[in-house]
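# Survey of secondary and tertiary structure
The lines below spell out each chain.
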Amino acid sequence: MMLLALECKNKLGFIDDTIHLAIVGKDLEKQWDHCNALVKSWITSNVSKEFLSSILFRPDAYSVWNDLKEKFDRVNPTRIYHLRKQVATLTQGVSPVSVYYSKLKDL
């Protein structure tokens, strides 16, 4: 969702490092600082308080994004197994619900 929001606002380059201070130069430095701060504030306002301390003082949106990506972009096979097991054994009242989502296969 965040990627979509950033793309809509034409700010995706701040987190994929295609728009960084070195390429904009001195002429646009203030504008870059403004946009970078805006993107950082969007990201930090959508992060729980327990993770703020590790990203709050990062110099740019790119480093904030990478820090969060390192924390959350990991595959956890044990967690996936338990989620699939929960879905497979879902019940509604007294009758079992045997619905399997194909999206879970891709986890």
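Here the structure is a predicted model, which is why all the values come from computation and not from measurement.

### Some remarks on the pattern of salt bridges
Scanning the model with the defined rule gives three salt bridges in all. The salt bridge involving Lys26 is made with Glu29; its shortest N-O contact spans 3.3 Å. For Glu29, a relative accessible area of 26% puts it in the partly exposed group. Put simply, Lys71 and Asp67 hold a salt bridge, and the shortest N to O gap is 2.7 Å. You can see Lys71 and its partner Asp67 sitting in helix 5 (residues 61-72), four residues apart, about one turn around the helix. Classification of Asp67 as buried rests on a relative accessible area of 11%.

### Section: the nonpolar core
The biggest cluster of nonpolar side chains holds 13 residues, and the ones touching the most others in it are Phe14, Ile15, Val39, Ile43 and Leu68. The element contributing the most residues to this core is helix 3 (residues 29-44), with four residues. Among all residues touching Val39, those that are not within four sequence positions of it are Leu6, Lys11, Phe14, Ile15 and Ala61.

### Considerations on unusual backbone geometry
Across the chain, the bulk of peptide bonds are trans and the bulk of non-glycine residues have phi less than zero. For Asn10, which is not glycine, the phi torsion reads 60° and is therefore positive. With respect to the element layout, Asn10 can be found in the loop between helix 1 (2-8) and helix 2 (21-24). In this structure, Asp17 is a non-glycine residue whose phi angle is positive, near 65°. Relative to the elements of secondary structure, Asp17 occurs in the loop between helix 1 and helix 2. Take Asp17: its relative accessible area is 30%, and that puts it in the partly exposed class.

Scoring rules and cut-offs
Residues numbered from 1 in each chain as written. Predicted model: local features only at pLDDT ≥ 70, side-chain atom pairs only at ≥ 80, totals over all residues. Heavy atoms only, no water. Salt bridge = Lys/Arg side-chain N within 4 Å of Asp/Glu carboxyl O. Buried < 20%, exposed > 50% of the residue type's maximum accessible area, 1.4 Å probe, protein only. Helix = DSSP H or I, 4+ residues; strand = E, 2+ residues; numbered from the N terminus. Core = buried A, V, L, I, M, F, W, Y, C linked by side-chain atoms within 4.5 Å. Contact = heavy atoms within 4.5 Å.

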